[in-house]
Amino acid sequence: MSKTEGWFARYVDTLQSRGWFKFVSKYIVVPYWIWRAPKPKLPGGPRVSPQPSDNIQRMMNLIMPLKDPSPIGRATAVSVVAQNVDEIFAGLDNVGTVHFARFLLLDDKLCMISAYDGDFSNYIRDFIVTVGSVFDEIMTQIDGGDDLIPTEHNVEKFIEWVHEHDLFQAPDYPTHMFALQDEAIGREPNKPPHMIQSLPRDLILQLHANPNISLGGGYRSYPGFTAAQVRDKFGVGW
Amino acid sequence: MVNIETNIQNTKYRPEDIQGNIVRGYNFKYVRHLILEVSDVKAARRFLAASVSDDSGDVPSITRETSWKKKPESCFNIGFTYEGLKALGLSRKQLASFPKEFVEGMTKRALKIGDFGESAPETWPAPFDQPDRVHIVASVHAKNIKSIDGIQDIVARSFNVIGVRDGRALDKGKIVFGYVDGISQPKLKHVHDPSEDKDDQPINPLGVVLLGYPTRLEGVLFSLPQPEKELGFNGTFNAFRVLSQNAAEFETYLTEAAEDLLKHKDIDHLLPAKEVKLFGKGHTRKSAIREIVAAQMLGRWRNGVPYETSPDTPNPDPEVSLTNFNYGYKSRCPVGAHMRRANPRGGPIVQHVANRTRRIVRRGMVYGPDFDPSKPDNEERGLLGNFIGANLGAQFEAIMYDWLNLGLQHPDITGSNDPILGANSRETSWFDLTLKNGGKIRLRGFPRFITSRGGAYTFLPSIRAVKYLSDLSG
Ligand code: HEM
């Protein structure tokens, strides 16, 4: 490690500020470094925490590549979602742990954004149990989706697939990223401690592995309550 | 387009292909769990081959589910960790067909199942401090220790025994903390267990506990380790847990709570003075309140009587069923009680689809010396627990993460942990006692009573699968 922390490392650390060099760095230096010290893709979704309040109102940013990104394919995807609105409401009601969910069509991707309480796997599994058919139909529009149909018979695989396509949630404090990067390669976090100067470099490399990320896990304007607590408080049943 | 390679279903229930102690319990006095490392893969395979052959020589035969005419002196069963299957030579592709929780192993799932702080795997004693070497948990149940020693000697010829954990059954099915355990188990289709005859909870499909059958989640089939017929069918998964129970702290807390409650303005709604006599001879109001706290925290009185159907006394007359009751909006059994958290039955829960779906089989024995409440000591003692189900994620972990800890299933308990088992701390813990008038009293300040001291996720293969493993080469 010590050798690679030498002049080249220091040099890469200053890349972002060297405007005239951006071209060269983009095509030579960064690719070289990616080859030299690749970062594994960091897992999607919120991280498990011993703190109860961290385990409620969690964000899912599911980014699904469309099988057919042409206007026709995009329109089909939109209509599949539209045709299933009733089932989606029924699903939300029976799963009980979801605050909201919405779909976005962004270029060649269909995105499902939601806030849910508790464990991610339980959330997805319960959704399949209630409205598996909705996911089956959506998956017909998604690149790689056919392998997951019927979702009811591929529960584990589907949960993993969603997890992989859920955006990595970058920690609010950028230095916490070091620990996650260590963990991803099976090392003890922050041992030895990382040099703060290497953060920009590590971020560039990470953004290569995870091109799309969520900046933080979402911000709340009030302390975390579950969907059921809110419904209970307002007397709308849970 | 549809994925058809997987999920051929088992059509026939064949007890001779299933390991014992899964769908029905043994009820032996002693158990020893042998923690094994595969040090010589050929010797290990030879042992496994013998253990399922008709003529096993001196190698113990794996005990099957088949009913016995005469109870044997001992029973032998075996579970493999992911590392163990790897050591035995399963291919990378086959290993990848196992579910993620199992592949990662118990120590990597620590945060999810409450193993942090004093329970963190980094604090576990040997052999659990080296999870990579924990390959097999072989369990010997027996009438006496001597036959266990004999079997251990034979096992040690083929495996490296890196640790053992001894357990035993206490009188009347009691466990540390003094509760009767082993009452509620999921009833299963095709399985006749006379101890469950009077349990009127709905019958579960075999897929709750065995791989390859319909599950309790409508339409859902769990995926099977591949090749499914040879390896997956009739197997299941187990969370083996060494759970240390701090009996002295538990009893002390009951006393503290009772003393505080005696001064509480609503104490007459918890226990009117004139009802102390319902607790039987020798009870004071304080000692009776201690029992109420213990009963509400668990959901049963320590003698096993359900709190739901007998909220005023541990000695109902006429007697009440130990298994037949349900929870509702007006239940006296607190929503936060251990048993109600672990199985909310038909009671109201947030996850409407999840009622009765996260059932697990529990097979546990006590470890450590007896505890005498009049002479409290701090020796380590607790439960050697097996928490068995066809899908660790959908059953064991789902219960641990959302229900026992966090309390997601009911808005009244969200943010609190199981009072008995949860990852509590004195600063933040709380638990609501229910009162006769519908009110509540909130208890606070209890510590974590139960900590993890080891364990492993194991795969309990079918008999055919043990044969398959023994035939691996390379
Ligand atoms: C040392 C730790 C534990 C102690 C002392 C303990 C104690 C008890 C007792 C006394 C009962 C009532 C007896 C019965 O109904 O059979 C019970 C029930 C139960 N426990 Fe635990 N338990 C422990 C750990 C766990 C764990 C780790 C889980 C789950 C993942 C769990 C899940 C259950 C379930 C499912 C029931 C049956 C509830 C029902 O079906 O109504 N327990 N426990």
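Residues numbered from 1 in each chain as written. Chains lettered and ligands numbered in written order. Predicted model: local features only at pLDDT ≥ 70, side-chain atom pairs only at ≥ 80, totals over all residues. Heavy atoms only, no water.

1. Regarding the side chain of S97 of chain B
All names here are of chain B. We apply this condition: Starting at the N terminus, helices and strands are each numbered in turn, a helix being any DSSP run of H or I of at least four residues and a strand any DSSP run of E of at least two. Summary of the burial criterion: residues with accessible area below 20% of their type's maximum are buried, those above 50% are exposed, and those between are partly exposed, where the area comes from a 1.4 Å probe applied to protein chains only. As used in this structure description, the phrase polar contact means that two N or O atoms lie within 3.5 Å; if the pair is within protein, one of them must be able to donate a hydrogen and the other to accept it, and residues adjacent in sequence are counted only when both atoms belong to side chains. Any two residues having at least one pair of non-hydrogen atoms within 4.5 Å are treated as being in contact.
Within the element layout of this structure, S97 appears in the loop between α3 (92–96) and α4 (100–104). The exposure class assigned to S97 is buried, which follows from its relative accessible area of 17%. Here Q94 takes part through its backbone oxygen, which lies 2.5 Å from a polar atom of the side chain of S97. Aside from chain neighbours lying at most four places away, what touches S97 is L224, P225 and Q226.

2. A look at the interface of chain A and chain B
Spelled out, the test is: By buried area we mean the combined loss of accessible area, with a 1.4 Å probe, across both parts when two parts are placed together. Criterion for a salt bridge: a side-chain nitrogen of Lys or Arg within 4 Å of a carboxyl oxygen of Asp or Glu. Throughout this entry, Asp, Glu, Lys and Arg are counted as charged residues, while Ala, Val, Leu, Ile, Met, Phe, Trp, Tyr, Cys and Pro are counted as nonpolar. The remaining residues, Gly among them, count as polar.
Taken together, the 37 residues of chain A in the interface contact 36 residues of chain B. Roughly 3,200 Å² of surface becomes buried between chain A and chain B when both sides are summed, with 60% attributable to carbon and sulfur atoms. Linking chain A with chain B are three salt bridges. When the shortest N-O distance is used, the salt bridge between E160 of chain A and K100 of chain B registers 3.6 Å. Elements that contribute at least two residues to the side of chain A that touches chain B include exactly α4 (85–95), α5 (120–139), α6 (155–165) and α9 (227–233) of chain A. With six residues, the single largest contributor to the side of chain A that touches chain B is α5 of chain A. Partitioned by chemical class, the residues of the side of chain A that touches chain B number eleven nonpolar, 13 polar and 13 charged.

3. Side note on the pairing of strand β9 (residues 440–444) of chain B
As a reminder, the rule being used: At least two DSSP bridges between two strands are required for those strands to pair.
Along β9 of chain B, the buried face is formed by I441 and L443 of chain B; none of K440, R442 and R444 of chain B, which line the opposite face, is buried. The hairpin formed by strand β8 (residues 430–434) of chain B and β9 of chain B contains five residues between the paired strands, and G438 of chain B there has a positive phi angle of roughly 90°.

4. A word on the domain arrangement of chain A
The criterion, for reference: Delimitation of the domains relies on an automatic or database domain assignment.
Each domain of chain A was delimited in the assignment, giving domain 1 (7–42 + 174–210) and domain 2 (52–168). For domain 1 of chain A versus domain 2 of chain A, the separation of C-alpha centres amounts to 32 Å.

5. Let's talk about helix α8 (residues 199–209) of chain A
To keep it simple, the criterion reads: This arc is taken over the directions from the axis of the helix to the C-beta atoms.
Where α8 of chain A is concerned, the buried positions are L199, R201, D202, L205, Q206 and A209 of chain A. Take α8 of chain A and look down its axis: the buried residues cluster within an arc of 160°, on one side only.

6. Concerning the sheet that holds strand β3 (residues 109–116) of chain A
All names here are of chain A. The condition is simple: Axis angles are defined between N-to-C directions and span 0 to 180 degrees, where every axis is a line fitted to C-alpha atoms and, for a helix, only to the segment in contact.
Spatially, the three strands line up as an open sheet ordered β1-β3-β2, and their pairing is antiparallel. For this open sheet the edge positions go to β1 (58–65) and β2 (98–106), each flanked by a neighbour on one side alone. Here the average twist between neighbouring strands, direction ignored, is 15°. With eight bridges connecting them, β2 and β3 associate as antiparallel partners.

7. A look at the site of the ligand
Residues and elements named next belong to chain B. The test is simple: One heavy atom within 4 Å of a molecule or strand is enough for the residue carrying it to be called near that molecule or strand.
Contacts to the ligand come from 26 residues, most closely from I183, S184, H338, N343 and R362. At 3.5 Å, a side-chain N or O of D181 approaches an oxygen atom of the ligand. In this structure, an oxygen atom belonging to the ligand sits 2.9 Å away from a side-chain N or O atom of N343. For the shell around the ligand, the domains that each give at least three residues are domain 1 (2–244 + 455–470) and domain 2 (247–337 + 419–448).

8. Comments concerning the pairing of β3 of chain A
All names here are of chain A. In terms of burial, β3 is a largely internal element, seven of the eight residues being buried. Relative to β3, β1 is paired through eight bridges, and the arrangement is antiparallel. Residue pairing across strands places I63 opposite C111, the latter belonging to β3.

9. Some thoughts on empty space enclosed by the protein
All names here are of chain B. As a reminder of what qualifies: Grid spacing is 1 Å over the protein atoms alone, the probe is 1.4 Å, and a cavity is where that probe fits but cannot get out, while a pocket is an open set with protein on both sides within 12 Å along at least five of seven lines and lining residues have an atom within 4 Å of a point. Grid points are joined across faces, edges and corners, and a volume is the space filled by probe spheres set on the points.
This structure, assessed with the given rule, holds eight cavities of 30 Å³ or more. Considered as a void within the structure, the largest cavity measures approximately 180 Å³ in volume. The wall of the largest cavity is formed by 18 residues, among which N77, S139, N238, N386 and L460 lie closest to the centre. For the lining of the largest cavity, the secondary structure elements donating two or more residues are β2 (74–80), β3 (136–142), β5 (236–245), β7 (382–389) and β10 (450–460). For the lining of the largest cavity, a count of residues per class yields six nonpolar, eleven polar and one charged.

10. Here we look at the domain arrangement of chain B
All names here are of chain B. Domain annotation of chain B identifies domain 1 (2–244 + 455–470) and domain 2 (247–337 + 419–448). Using C-alpha coordinates to define each centre, domain 1 is positioned 35 Å away from domain 2. Overall, the association of domain 1 and domain 2 removes approximately 1,400 Å² of surface from exposure, summing both partners, and the carbon and sulfur fraction of that is 57%. Considering only the side of domain 1, the residues that lose the most area to domain 2 are F177, Y179 and I183, jointly responsible for 51% of the buried surface there. Our count for the contact surface shared by domain 1 and domain 2 stands at zero salt bridges.

11. A closer look at the confidence of the model for chain B
All names here are of chain B. Using the following cut-off: For every residue, the pLDDT score states the predictor's confidence, bounded by 0 at the bottom and 100 at the top.
Taken as a whole, chain B shows an average pLDDT of 95; of its residues, 98% reach a score of 70 or greater. This stretch, residues 1–7, has a pLDDT under 50; its non-local contacts, to residues over four places away or in other chains, come to 15 contacts. Two summary scores accompany this predicted model of the complex, namely pTM at 0.94 and ipTM at 0.92.

12. Details of the packing of α4 of chain A against α5 of chain A
All names here are of chain A. Let me state the cut-off plainly: For classification purposes, angles smaller than 35 degrees are called roughly parallel, those larger than 145 roughly antiparallel, those between 65 and 115 roughly perpendicular, and all remaining angles oblique. A crossing counts as left-handed when the near helix is turned anticlockwise from the far one by less than a right angle, and as right-handed when that turn is clockwise.
It is at 9 Å that the axes of α4 and α5 come closest, and there the two elements cross at 150°. One way to sum up the angle between α4 and α5 is to call them roughly antiparallel. The crossing of α4 and α5 is right-handed. Contacts between α4 and α5 involve E87, I88, G91, L92, N94 and V95 on the former and, on the latter, Y123, D126, F127, T130, V131 and V134. Residue composition of the contact of α4 with α5, grouped by class: seven nonpolar, three polar and two charged.

13. Re unusual backbone geometry
The peptide bond linking I149 of chain A to P150 of chain A adopts the cis configuration, its omega dihedral lying at -5°. By the element assignment, P150 of chain A lies in the loop between α5 and α6. Here D317 of chain B and P318 of chain B are connected by a cis peptide whose omega angle stands at 0°. By the secondary structure assignment, P318 of chain B is in the loop between α9 (285–298) and α10 (338–342).

14. Quick look at the coordination of the iron atom of the ligand
Applicable threshold: Sites may look incomplete because water is not among the atoms; the donors themselves are N, O and S atoms within 2.8 Å of the metal, or within 3.2 Å for Na, K and Ca.
Donation to the iron atom of the ligand from the protein comes from one atom only, H338 of chain B (NE2), at 2.1 Å. You can see H338 of chain B is positioned in helix α10.

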